[in-house]
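An overview of the molecular structure
So the chains spell out like this:
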Amino acid sequence: MAESWDGNHDPGSPSEESYHLERLHIEPIYDAFICPLTKQVMQDPVTLEYGMTFEREAIEKWFKECRDSGRKPVCPLTHRDLNSTELNPSIALRNTIEEWNARNEAAQIDMARRSLSLGSGEGDIMQALKFVQHLCQKSRSNKHVIGNAGLIPMIVEMLRSSSRRVRCKALETLLVVVEDDIDNKEIMAEGDNVRTIVKFLSHEQSKEREAAISLLYELSKSKTICEKIGSVNGAILILVGMASSKSENLVTVEKAENTLENLEKCEINVKQMAESGRLQPLLTLLLEGSPETKLSMAAFLGELVLNNDVKVLVARTVGSSLINIMKHGNMSSREAALKSLNQISSYESSAKILIEAGILPPLVKDLFFVGANQLPMRLKEVSATILANIVNSGYDFDSVPVGSEYQTLVSEDIVHNFLHLISNTGPAIECKLLQVLVGLTSSPTTVFNVVSAIKSSAATISLVQFIEAPRKDLRVASIKLLRNLSPHMGQELARCLRGTSGQLGSLIKVISENTGITEEQAAAVGLLADLPERDRGLTRQMLDEGVFPLVISRVVSIRQGETRGSRFVTPYLEGLVKVLSRITFVLTDEPDAVALCREQNVAALFIELLQTNGLDNVQMVSAMALENLSQESKNLTKLPELPKPGFCVSIFPCLSKPPVITGLCKVHRGTCSLRDTFCLLEGQAVDKLVALLDHTNEKVVEASLAAVCTLLDDGVDIEEGVQILCETEGIKPILDVLLEKRTESLRRRAVWAAERLLRTEDIALEVAGDPNVSTALVDAFQHGDYRTRQIAERALKHVDRIPNFSGVFPNTG
């Protein structure tokens, strides 16, 4: 052996390394094998006229340099002039060198095989790997030699080495061995080799990661290996992450991207990419692939879970294509398209894109069409789901034609068709179509059309019956729909619920379920809350069915913090309070209502609810309920029984003195309490109501002012009521409401209150000096409605702005 590879020699440049590896021979190198110019073993030796032998390429380069410099060609060794530059091949020498090379390379390969063992020293392994690289780079045919010699599995085994240098060099060597060699690639792909390389993609060391991705990219040029790479669990996910990484170097990112592009040759890999968030290849195949491929991609797209941004991308890219498949494809294609459209229609922005792409007409047609090519019910359910998704996007459906005669989704005949399907299909489709109507009735621009169509089709009773549906989703959809309809069809819905079919009981059962606060419960209580509060028959039935104690217990539970953490708490509480307020509208006619309010101390609860800051509706409804309760106070107050006058007093009236009775309510002039007579004064509610007169919500202000005004109403001691307001500093807030003039109804109420206050001389004198109040009263006198102007006139008389003899309006009280 001329020289061994003990690893001590570490050549610098690639040329030095090649030279060093050339010198590693088992048999000695003969001087005749070495080119005098290159100092390396010749591959194509040629002889000049004087017998000197050189490497063909080297001597040809020498002759060219001579010609370029204008010199005659000479022998590069002897410098003798040459008569001819003819080169004669040294065939015998070339054959000898080739035989010598073959023997040496075989011996060297055998040496490399012995060195490629994890038990060998690091230096020997590194030298063996370098030799393999050199051999493959020297001649492409040598790659077959390496492959046939069984070195590839041995090099792969070096990837398990504890040495980072060895692992990197093994990866680099494998790249050289398989580059542009399909046979070696196939050998490389055997067993778990591809999985081993993929593991390096997650390695902490960037050099190993870069070497691994370069090798994987080269392997991915083979379609069969593409399938192998894709079958490695997590490989595509890792590659997608590398290709989109902001921290990797650009070469690694580019190699990862190129590898993924090669992997796209296999449909199964494209599907994995889509699952990993790289959706564009799938979309491209869906647009440009064969019919079978399009079907496969559309079907897979329907099974993916997409985030909202991706849904928008998909809608923009293939929305029109999917709609076209849905319109013209065979049944399997239509099914795949529908399932994909179902996925991407569930986000508001992507749904709007589909609307603009024309999804509504074929969607509605599929739902309504009956015939040879009609969709089976399971696909009509998908169509109904898509339509429900789209309707909830908030689009202006009153302007989108869906039929041949330019009907829209809210045209009467279209809504009639929806109602017909709801009554004649299975629960799944019924639920989705109810959700469609929920969406259409959630918009102020389309709700009236739907209400009109429901009334004209006499479908109210049918819709109410769904409250008793055993399926929860169907029940929720129907209750939400009725909730939306109740402000516009309250009387009809109340009439249906007053029947004996049990729907009211079903609503109460939903509300009373002790499972936290659900969307269904919030919708159910909202439906009851929006029904006409003065419908005595419905309230009577609710009394009979024990609704109000249940509602009170739920309100108290929420107030005490026993029920929390649900996003439906606020609408649920608002609905409960409004339902409870119903009982205060029937106090005059229903003794049982009065009894229940006393028993449950309802007035105290409403006073407490006045202080639920941030819940305007709760405060407004509570103030309205307190107004009703306070109006009833004067009827419930027990007036004192005065003793009959004695004999002398009857003869001499001048001797009589009015009896002094203590403990009476100043305003109601009788025995009052919060629990029994609902007296605001006894409940210390006046200051809380006055505080709400400064609220930013005018509806809260108006309801609070109305409750305060019960202290100034006919049938009570108005002077005492004014005095109470003075003591609670309520005069200025009331006059401030008058000055603000936020709404006409609020001004009307404020003018009424001001007139009552100005009946007190001291207040009238004080207000007379305030030009702002006088101006506000004059403005109401000039621009208010008839009743407001009439009251404003009386108020202006109190401050001497209008003389008492004016008689502009008749004094009608």
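Residues numbered from 1 in each chain as written. Predicted model: local features only at pLDDT ≥ 70, side-chain atom pairs only at ≥ 80, totals over all residues. Heavy atoms only, no water.

1. A closer look at the overall build of the protein
Note the cut-off: Counting from the N terminus, the helices are DSSP H or I runs at least four residues long and the strands are E runs at least two residues long. The size measure is the radius of gyration over C-alpha atoms, and the globule rule it meets is 2.2 Å times the number of residues to the 0.38 power. Working definition: with a 1.4 Å probe on protein chains only, accessible area under 20% of the residue-type maximum means buried, over 50% means exposed, and in between means partly exposed. Only heavy atoms enter the contact rule, under which two residues are in contact if any of them lie within 4.5 Å.
A count of helical and extended segments in the protein gives 44 helices and three strands. Computed over the C-alpha atoms, the radius of gyration of the protein is 47 Å, more than 25% above the 28 Å expected from 2.2 N^0.38 for a compact globule of 813 residues. With the principal axes as the frame, the protein shows a C-alpha extent of 175 × 65 × 55 Å. Within the span of the protein, comprising 813 residues, buried residues form 50% of the whole. Excluding contacts between residues fewer than 6 apart, the proportion of contacts in the protein whose partners are at least 24 apart in sequence is 65%.

2. Things to note about the pattern of salt bridges
Using the following cut-off: Whenever a carboxyl oxygen of Asp or Glu lies within 4 Å of a side-chain nitrogen of Lys or Arg, that contact is scored as a salt bridge.
Counted according to the given criterion, the structure contains 38 salt bridges. With a shortest N-O distance of 4.0 Å, R195 and D192 are connected by a salt bridge. R195 gets classed as partly exposed once you look at its relative accessible area, which sits at 37%. Look at D192 and you get exposed, because its relative accessible area is 51%. Measuring nitrogen to oxygen at the nearest pair gives 2.5 Å for the salt bridge that ties D535 to R498. Highlighted residues: D535 in the loop between α28 (519-530) and α29 (536-544) and R498 in the loop between α26 (472-497) and α27 (503-512), separated in sequence by 37 residues. The class for D535 is buried, based on a relative accessible area of 7%. When its relative accessible area of 30% is taken as the criterion, R498 is described as partly exposed. Residues participating in the shared-partner salt-bridge network are R536, R540, D544, E590 and D592.

3. Re helix α24 (residues 447-456)
Rules: Think of the arc as the fan of directions from the helix axis to the C-beta atoms.
All of the buried residues along α24 are V447, V450, V451, A453 and I454. Looking straight down α24, one finds its buried side chains confined to an arc of 165°; they lie on one side. Each element contacted by the buried residues of α24 is listed here: α22 (412-424), α23 (427-441), α25 (460-465) and α26. The positive-phi residue at the C-terminal boundary of α24 is A458, with phi of around 55°.

4. A closer look at the packing of helix α21 (residues 377-391) against α23
Keep this limit in mind: Interaxial angles span 0 to 180 degrees and are taken between N-to-C directions of axes, which are lines fitted to C-alpha atoms, for helices over the stretch in contact. Just so you know how the angles are binned, under 35 degrees is roughly parallel, over 145 roughly antiparallel, 65 to 115 roughly perpendicular, and the rest oblique. Each crossing gets its hand from how the near helix is turned against the far one by less than a right angle, where anticlockwise is left-handed and clockwise is right-handed. Charged residues are taken to be Asp, Glu, Lys and Arg, nonpolar residues to be Ala, Val, Leu, Ile, Met, Phe, Trp, Tyr, Cys and Pro, and polar residues to be all remaining types, Gly included.
Viewed as axis vectors pointing N to C, α21 and α23 meet at an angle of 20°, and their least axial separation amounts to 8 Å. Here α23 runs roughly parallel to α21, going by the angle between their axes. Here α21 runs over α23; the crossing is left-handed. Along its contact with α21, which presents M377, K380, E381, A384, T385, L387, A388 and V391, the element α23 presents A428, I429, K432, L433, Q435, V436, G439 and L440. Split by residue class, the contact of α21 with α23 holds 10 nonpolar, three polar and three charged.

5. Quick look at the UniProt feature "domain: U-box" (unreviewed entry) in the protein
Inclusion rule: UniProt positions are given in the numbering used here, feature names are shortened, and annotations may be inferred rather than shown by experiment.
Per the UniProt record, "domain: U-box" (unreviewed entry) is found at residues 28-107. Helix makes up 39% of residues 28-107 and strand 10%, with an end-to-end C-alpha separation of 13 Å.

6. So, the sheet that holds strand β3 (residues 88-89)
Formally: Paired strands are those between which DSSP finds at least two bridges.
Spatially, β2-β1-β3 is the arrangement adopted by the three strands of the open sheet, whose pairing is antiparallel. Each edge of the sheet is formed by a strand with only one pairing partner; in this case those strands are β2 (53-55) and β3. By the bridge criterion, three bridges tie strand β1 (residues 45-47) to β2 in an arrangement that is antiparallel. Following the sheet pairing, T47 is matched in β2 by T53.

7. Some thoughts on the side chain of T677
Examined against the element boundaries, T677 turns out to sit in helix α36 (residues 674-677). Those residues in contact with T677 that sit more than four places away from it in its chain are L629, S633, L636, T637, T671 and C672.

8. Overview of the nonpolar core
Selection criterion: For our purposes a nonpolar core is just a set of buried Ala, Val, Leu, Ile, Met, Phe, Trp, Tyr and Cys residues, chained together by side-chain atoms within 4.5 Å.
Membership of the largest hydrophobic core comes to 193 residues, with the highest contact counts inside it found for L301, I359, L360 and L409. Looking at this core element by element, the count peaks at 11 residues for α26. Ranked by size, the runner-up nonpolar core spans 54 residues in total, among them I109, M126, A170 and L263.

9. Structural notes on helix α16 (residues 291-301)
The complete set of buried residues in α16 reads T293, M297, A298, F300 and L301. Along α16, the residues classed as buried sweep out an arc of 165° about the axis, all on the same side. Residues P291 and E292 are exposed on α16 and point more than 90 degrees away from its buried face. Looking at the buried side of α16, the elements it contacts are α14 (267-275), α15 (280-288), α17 (308-328) and α18 (331-344).

10. Concerning unusual backbone geometry
Look at R669: it is not a glycine, yet its phi comes out positive at around 65°. Mapped onto the fold, R669 is located in the loop between α35 (647-651) and α36. Positive phi, close to 65°, is recorded for F678, a residue that is not glycine. Here F678 falls in the buried class, since its relative accessible area comes to 1%.

11. Regarding the side chain of S506
Note that S506 resides in helix α27. Among the residues examined, S506 registers a relative accessible area of 17% and is labelled buried. Other than its neighbours up to four places away in sequence, S506 contacts I467 and E468.

12. Some remarks on the packing of aromatic side chains
Convention followed: Planes of paired rings set the category: under 30 degrees apart is stacked, over 60 is edge-to-face and the rest tilted, where pairs are Phe, Tyr or Trp rings (Trp by its six-membered ring) whose centres lie within 6.5 Å. Working rule: Lys NZ or Arg CZ, within 6 Å of ring centre, within 35 degrees of ring normal, means a charge sits over the ring.
Scanning all chains against the criterion turns up four aromatic pairs. Seen from their ring centres, Y395 and F397 are 5.9 Å apart, and the 55° between their planes marks the pair as tilted. The ring of W62 carries the charged tip of R71 above its face, separated from the ring centre by 5.8 Å. A cation sits over an aromatic face here: R80 above Y50, 3.9 Å from the ring centre.

13. Focus on the environment of I467
Inspection of the secondary structure assignment puts I467 in the loop between α25 and α26. Residue classification places I467 among the buried positions, given a relative accessible area of 1%. As for I467 and K327, which are separated by 140 residues in sequence, their C-alpha atoms are 36 Å apart. Aside from chain neighbours lying at most four places away, what touches I467 is R475, S478, I479, L482, L497, Q503, S506, L507 and L527.

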